[in-house]
Amino acid sequence: METGHVRFGRRAGETHRRQRWQGAPVRPHTLAEHAGDATPDGLQHLLSRARWDADAVRDDLRGFVVEHLQDDDAVLVVDETGDLKKGTATVGVQRQYTGTAGRIENSQVAVYLVYSTPRGHAAIDRELYVPRSWTQNAVRCQAAGIPETVHFATKPALAARMIGRALDAGVLVSWVAGDEVYGNNPHLRAALEHRQLGYVLSVACDHQITTRAGKIRAEALVKRLPKPAWQKLSAGIGAKGHRYYDWALADITNEEPGYHHLLVRRNRSTGELAFYRCYSATPVPLSTLVKVAGRRWTVEETFQSGKGLAGLDEHQVRRWTSWHRWVTLAMLAHAFLAAATAHERTHAPTTDDLIPLTCSEIKHLFATLVTQPIHTAAHRLRWSDWRRRHQARARTCHYQRQAAHQS
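Calculation criteria
- Residues numbered from 1 in each chain as written.
- Predicted model: local features only at pLDDT ≥ 70, side-chain atom pairs only at ≥ 80, totals over all residues.
- Heavy atoms only, no water.
- pLDDT = per-residue confidence, 0-100.
- Contact = heavy atoms within 4.5 Å.
- Axes fitted to C-alpha atoms, helices over the stretch in contact; angles between N-to-C directions.
- Helix = DSSP H or I, 4+ residues; strand = E, 2+ residues; numbered from the N terminus.
- Parallel < 35°, antiparallel > 145°, perpendicular 65-115°, else oblique.
- Nonpolar A, V, L, I, M, F, W, Y, C, P; charged D, E, K, R; others polar.
- Buried < 20%, exposed > 50% of the residue type's maximum accessible area, 1.4 Å probe, protein only.
- Polar contact = N/O pair within 3.5 Å; in protein donor to acceptor, adjacent residues only side chain to side chain.
- Pairing = 2+ DSSP bridges.
- Phe/Tyr/Trp six-rings, centres within 6.5 Å; stacked < 30°, edge-to-face > 60°.
- Salt bridge = Lys/Arg side-chain N within 4 Å of Asp/Glu carboxyl O.
- Core = buried A, V, L, I, M, F, W, Y, C linked by side-chain atoms within 4.5 Å.
- Left-handed = near helix turned anticlockwise from the far one by under 90°.
- Patch = residues over 30% accessible without salt bridge, like charges linked within 9 Å, V, L, I, M, F, W, Y side chains within 5 Å.
- Areas by Shrake-Rupley, 256 points an atom, 1.4 Å probe, with all protein chains shown as cover.

Undergrad: Would you take a moment to explain the confidence of the model for the protein chain for this structure?
TA: Close inspection of predicted coordinates is inappropriate for parts of the model with low pLDDT. Looking at the protein chain, pLDDT values average 87 and 92% of them are 70 or higher. Within the model, pLDDT remains below 50 along residues 1–28, and this stretch shows 70 contacts once partners closer than five positions in the same chain are excluded.

Here it is, written out as structure tokens:
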């Protein structure tokens, strides 16, 4: 059974669960209440029992994003993000590392594929990471509604699956970017090379590089680079202007076709190094590889705006189908904001004293000018009654589980 609250606000689900047992008042931020529904049953039905195909909506979403953000310099960026969870019943949850917390926590992790261009960026695909602790337990998978066809797959394998879907659907891109989770995986790199898709993927400092002189660690190879090999280049424009670093390129010996390189980034202030494994089917200049490396950061912006503006991490659902439906709808909402922002920047006149509309401002205008929330006293009181009944049932179930466990 799915939980009854689909809410606005960051970490609202966790806050609600904590307040429920402490007896603190729960803020009325459910989507159903805001929309004017008498109960959450309609939204629960939409996410769990209604007949519609989340993957078909995902395919439409991908076409929408490409249509409105299409650019010759498009890059596919892969990355994962985690949502902190309580308990063990939520699909895919276990104690695992998540960048959201920066440590190992009880969490649910998913891999996303972002379509990134100079005009904007938005997620176009998603895959829930299902750990072995789940796939090796058929009863647990059945309880969460995981199809029998789902087997364990690593995060790079999930990334390869999504990239393949995008290419098979006709998405025209030349590059893929990602962090060390993906750069250190030889199977993903081989899959991209097989499709002659260029990549700039981060690798660890101890990543082994093959040269004419034999294998060597990436950090050791940097020490052999001559001073003229370094060039000052911008990795793109950030909040404070161009992000300038020193960059160098070293050849990698590889028997496979194409051009293989190790790209090194050096912070001009601290000297901190970062390493990238690169491939292209044809020769490309250093500046191109640098631009692709810089585009990887847009996935973090996508996660931030997707969670903060579209509620990507605000689901309180436990089962496989409901999770895919929620995140797909959240991705669709964020894609609308990204497309509207791109259109604004392209067509609206700019002035020195007025910046173009942002995703955040468009979301605010849409919420205040288009939606018509219900604020009558009777509506609020009905929802207060519903919440207190729901909390009473939850408390009773909690005490019953405690008593059964103690006995």
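Undergrad: It is not clear to me how the packing of helix H12 (residues 298–310) against helix H13 (residues 320–347) should be interpreted in this structure. Could you clarify?
TA: Pairs of packed helices are described in terms of their axes, by the angle between the two and the distance that separates them. Relative orientation of the contacting elements H12 and H13 amounts to 105°, with a least axis distance of 9 Å. One finds that H12 runs roughly perpendicular with respect to H13. Between H12, through Thr302, Ser305, Gly306, Leu309 and Ala310, and H13, the contact on the second element is made entirely by Ala330, Ala333, His334 and Leu337. Class assignment of the residues belonging to the contact of H12 with H13 gives a composition of 5 nonpolar, 4 polar and no charged.

Undergrad: Any chance you could explain the side chain of asparagine 185 here in plain terms?
TA: The topology assignment puts asparagine 185 in the loop between helix H8 (180–183) and helix H9 (186–194). We classify asparagine 185 as buried; its relative accessible area is 17%. Within the local environment of asparagine 185, its side chain forms a polar contact with the backbone nitrogen of histidine 187, the two atoms lying 3.1 Å apart.

Undergrad: Sorry, what's going on with the pairing of strand S8 (residues 214–217) here?
TA: When a strand is regular, its side chains alternate between the sheet's two faces. Pairing geometry for strand S7 (residues 208–211) and S8, over 4 bridges, is antiparallel. Paired with threonine 210 across the strands is lysine 215, a residue of S8. A loop of 2 residues connects S7 with S8, the two strands running antiparallel in sequence.

Undergrad: Before we go on, may I ask you to explain the packing of aromatic side chains in this structure?
TA: Given two aromatic rings, their pairing is described by the distance between the two centres and the angle made by the two planes. What the rule picks out here adds up to 8 aromatic pairs. Judged by centre distance (6.1 Å) and plane angle (70°), the ring pair of tyrosine 129 and phenylalanine 152 falls under edge-to-face. Pair noted here: tyrosine 129 is in the loop between strand S4 (120–128) and helix H5 (132–135) and phenylalanine 152 is in the loop between helix H6 (138–143) and helix H7 (155–168), with a separation of 23 residues, a long-range link. Joined through ring pairs, the aromatic side chains of Tyr245, Trp247, Tyr276 and Trp297 make up one cluster.

Undergrad: What exactly am I supposed to notice about the pattern of salt bridges here?
TA: Any two side chains of opposite charge can pair, given that their charged atoms come close. Summed over all chains, the structure comprises 16 salt bridges. When the shortest N-O distance is used, the salt bridge between aspartate 83 and lysine 307 registers 4.0 Å. Remark: lysine 307 occurs in helix H12 and aspartate 83 occurs in strand S1 (residues 75–84); sequence separation between them is 224 residues. Neither residue differs from the other here; aspartate 83 and lysine 307 are each classed as buried. Sharing partners across several salt bridges, the network here consists of Asp55, Arg58, Asp59, Arg62, Asp125, Arg126, Glu127, Arg161 and Arg165.

Undergrad: Help me understand the environment of tyrosine 259 in this model?
TA: Relative to the helices and strands, tyrosine 259 is located in strand S11 (residues 259–266). Given a relative accessible area of 39%, tyrosine 259 falls into the partly exposed group. Residues tyrosine 259 and valine 290, spaced 31 residues apart in sequence, show a C-alpha to C-alpha distance of 15 Å. Contact partners of tyrosine 259, with chain neighbours within four places excluded, come to Cys278, Tyr279, Ser280, Ala281, Thr282 and Pro283.

Undergrad: Help me understand unusual backbone geometry in this model?
TA: Phi is mostly negative for residues that are not glycine, and the peptide bonds are mostly trans. We note that glutamine 196 has phi near 55°; this positive angle belongs to a residue other than glycine. Note that glutamine 196 resides in the loop between H9 and strand S6 (198–203). On the accessibility criterion, glutamine 196 (60% relative accessible area) is exposed.

Undergrad: Would you mind showing me how to read the nonpolar core here?
TA: Note on soluble globular proteins: their nonpolar side chains tend to be buried together. If you look at the biggest cluster of nonpolar residues, it comprises 74 residues, and the most contacted ones within it are Leu76, Tyr112, Tyr115, Ile163, Val200, Trp247 and Leu263. Counting residues per element, this core draws most heavily on H13, at 9 residues. Core analysis: the second largest hydrophobic core is formed by 14 residues, Leu221, Val222, Ala248 and Phe275 among them.

Undergrad: Whenever I open this one, the environment of arginine 265 confuses me. Can you help?
TA: Tracing the backbone through its elements, the reader meets arginine 265 in strand S11. For the pair arginine 265 and leucine 221, spaced 44 residues apart in sequence, the C-alpha to C-alpha distance is 13 Å. Beyond its immediate stretch of four places on either side in the chain, arginine 265 contacts Tyr245, Asp246, Trp247, Glu272, Leu273, Ala274, Tyr276 and Trp297. A polar contact is formed between the side chain of arginine 265 and the side chain of tyrosine 276, at a distance of 2.8 Å.

Undergrad: Looking at this model, I keep getting lost on the packing of H13 against helix H14 (residues 359–369). Mind explaining?
TA: In the contact formed by H13 and H14, the axes pass within 9 Å of each other and the chain directions differ by 110°. Put simply, H13 runs roughly perpendicular to H14. Handedness of the H13/H14 crossing: right-handed. Only Cys359, Ile362, Lys363 and Phe366 of H14 make contact with H13, whose side of the interface consists of Phe336, Leu337, Ala338, Ala340 and Thr341. The residue makeup of the contact of H13 with H14, split by class, is 7 nonpolar, 1 polar and 1 charged.

Undergrad: Explain a nonpolar patch on the surface here, please?
TA: A surface patch of nonpolar side chains, amounting to about 390 Å² of accessible area, comprises Phe336, Phe366, Leu369 and Val370. Relative to the assigned elements, valine 370 resides in the loop between H14 and helix H15 (377–406). A relative accessible area of 48% places valine 370 in the partly exposed class.

Undergrad: I would appreciate a short explanation of the pairing of strand S5 (residues 175–178) in the present structure.
TA: Residues Trp175 and Ala177 point to one face of S5 and Val176 and Gly178 to the other, with burial holding for every one of them. With 4 bridges joining them, S1 and S5 adopt parallel strand pairing. In the sheet register, valine 78 faces S5, and the bridge partner there is glycine 178. Note: S5 against S6, 4 bridges, orientation parallel. From the neighbouring strand, tryptophan 175 faces S6, where its bridge partner is glycine 198.

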